[in-house]
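# Structural characterization, general
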Amino acid sequence: MLRRLAAVSALFCCAFASAATPMLVIHGGAGVIRKDLTPEKEKFVRADLETALKAGYAVLKDGGSSLDAVGKAIVVLEDSPRFNAGKGAVFTHDGRNELDAAIMDGATMRVGAIAGVHRVKNPVLLARAVMDKSPHVFMVGDGAEAFAKSVGIELVDPSYFRTDERWQQLQDALKAEAAKQQSSLGRMIHYGTVGAVALDKAGHLAAATSTGGMTNKRYGRVGDSPIIGAGTYANAHCAVSATGWGEYYIRSVAAHDICARVEYAKEPIAQAAKEVVMDVVPKLGGDGGVIALDDQGNFTTPFNTDGMYRGWVDKDGKVHVAILSD
Ligand code: ASP
């Protein structure tokens, strides 16, 4: 009798596990500054986040993979000029746009990442191609662009990425730096990186992040976004995408730390993410936020900045978007 009960409950467990309720959570950066958020800007940002959520969720609803869903959502945000990824990326000290991205498949722990490209229209697609079509996991600069060309990834003239708003942010950063008001990196609190985490019907998690980095960055600087375990991470139990001051997310290996707390210390994902974002990173001197999702569909979006552009599709398929902390 006991054996039969065990068999029934095992069946129930696996039938349930193989039909997880799909979940999608995205962010558009943690550097929202309350005073800069005009009603018009808010309207456009909300619309873009909703479009990205709908695009990614359509994949999940049709039984597609979490990996495809995060890629779809991120392409929408990369194509929008309102986020610091793809078109609208921030400028380096030298007035260029240098883009970084990563994608990770939690089920297989396969990874693709790229950094320092300046002609790839959708960096997340190149990261995916590195994962699917090369024996490597991380490519940078000219080599990554040569690979992009060889696999038919769309390249654009570098001027495609420019927006006047980002150009002005660089001018402000240069002025402030000259007046010695900033750190040597020339930090500006305009984090607009984009990221997505998803759970598909098969119960598999994925994470992806795409960014222009930080305004006024130089010397081939690479942030946390394309570094696996720092700004992007996914395994069978947990998926994370971060935004914020990348140097500190790298030093704290933030995304992996969150997932390790979930897996080894059995912490609920909300607690694990909160500890890292509100305690570990700030203690080092950094700030920012994350989106994190577990294999049961529990998710959390902690940040310690004014706000974080974010959105999710709930278990009933309803789309939600939020910006400030209140
Ligand atoms: N984390 C990114 C970086 O440091 C910046 C951002 O979140 O916007 O490159």
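This structure is a prediction, so every number in the text was calculated from the model and none was measured.

Conventions adopted
Residues numbered from 1 in each chain as written. Predicted model: local features only at pLDDT ≥ 70, side-chain atom pairs only at ≥ 80, totals over all residues. Heavy atoms only, no water. Helix = DSSP H or I, 4+ residues; strand = E, 2+ residues; numbered from the N terminus. Rg over C-alpha atoms; globule rule 2.2 N^0.38 Å. Buried < 20%, exposed > 50% of the residue type's maximum accessible area, 1.4 Å probe, protein only. Patch = residues over 30% accessible without salt bridge, like charges linked within 9 Å, V, L, I, M, F, W, Y side chains within 5 Å. Areas by Shrake-Rupley, 256 points an atom, 1.4 Å probe, with all protein chains shown as cover. Salt bridge = Lys/Arg side-chain N within 4 Å of Asp/Glu carboxyl O. Near = heavy atom within 4 Å. 1 Å grid on protein atoms, 1.4 Å probe; cavity = no way out; pocket = protein on both sides within 12 Å on 5 of 7 lines; lining within 4 Å. Sits in = over half its atoms within 2 Å of the grid points. Nonpolar A, V, L, I, M, F, W, Y, C, P; charged D, E, K, R; others polar. Disulfide = S-S within 2.5 Å. Pairing = 2+ DSSP bridges. Points joined across faces, edges and corners; volume = space filled by probe spheres on them. Axes fitted to C-alpha atoms, helices over the stretch in contact; angles between N-to-C directions. Parallel < 35°, antiparallel > 145°, perpendicular 65-115°, else oblique. Left-handed = near helix turned anticlockwise from the far one by under 90°. Contact = heavy atoms within 4.5 Å.

## Section: the overall build of the chain
Within the chain, the regular secondary structure consists of 9 helices and 12 strands. Here the chain has a C-alpha radius of gyration of 19 Å; the compact-globule value for 326 residues is 20 Å, and the two agree. C-alpha extents for the chain along the principal axes are approximately 80 × 45 × 35 Å. For the chain, the residues scored as buried account for 56% of the 326 residues in total.

## Section: a nonpolar patch on the surface
Together, Val137, Phe138 and Val140 give the surface a local cluster of nonpolar side chains, amounting to about 260 Å² of exposed area. Take Val140: it is sitting in strand 4 (residues 138-140).

## Focus on the site of the ligand
Neighbouring residues of the ligand: 13 residues in total, closest Thr193, Arg221, Asp224, Thr243 and Gly244. Comparing atom positions with the cavity grids shows the ligand to sit within the largest cavity. Residues of the shell around the ligand, tallied by class, amount to 2 nonpolar, 9 polar and 2 charged.

## Concerning the state of the cysteines
Counted according to the given criterion, the structure contains 1 disulfide. With a sulfur-sulfur separation of 2.1 Å, Cys238 is cross-linked through a disulfide to Cys259. Residues Cys238 and Cys259 share a disulfide whose torsion about the S-S bond is about -75 degrees; that sign makes it left-handed. Here Cys238, found in strand 8 (residues 238-244), pairs with Cys259, found in helix 8 (residues 254-264); they are 21 residues apart in sequence, far enough to count as distant. Pair check on accessibility: Cys238 and Cys259 agree, each one buried.

## A closer look at the environment of Trp312
Relative to the assigned elements, Trp312 resides in strand 11 (residues 307-313). Sequence separation between Trp312 and Lys43 is 269 residues; the distance between their C-alpha atoms is 17 Å.

## Examining the pairing of strand 6 (residues 205-211)
The buried fraction of strand 6 is high, at 7 of 7 residues. Neither face of strand 6 is left uncovered, since the one carrying Leu205, Ala207, Thr209 and Thr211 and the one carrying Ala206, Ala208 and Ser210 both have all their residues buried. Bridging between strand 2 (residues 99-105) and strand 6 involves 6 bridges; their strand directions are antiparallel. Each residue of the ladder has a partner; that of Ala101, found in strand 6, is Ser210. Two elements, strand 5 (residues 194-199) and strand 6, share 6 bridges in a ladder whose sense is antiparallel. Counted as the bridge partner of Leu199 is Leu205 from strand 6.

## Regarding empty space enclosed by the protein
If you walk through the whole model with that rule in mind, you get 1 cavity of 30 Å³ or more. A volume near 70 Å³ is recorded for the largest cavity. Lining the largest cavity are 14 residues, with Thr193, Thr211, Gly213, Asp224 and Gly244 positioned closest to its centre. Each residue belonging to the lining of the largest cavity can be placed in one class, and the counts come to 2 nonpolar, 10 polar and 2 charged.

## Observations regarding the packing of helix 8 against helix 9 (residues 269-284)
Closest axis-to-axis distance for the helix 8/helix 9 pair is 9 Å, and the angle between their directions is 140 degrees. By the criterion of interaxial angle, the relationship of helix 8 to helix 9 is oblique. Our pair here, helix 8 against helix 9, has a crossing hand that is right-handed. Of the residues in helix 9, those in contact with Ala254, Asp257, Ile258, Arg261 and Val262 of helix 8 are Ile269, Ala272, Ala273, Glu275, Val276, Val280 and Val281. Across the contact of helix 8 with helix 9, the residue classes break down as 9 nonpolar, no polar and 3 charged.

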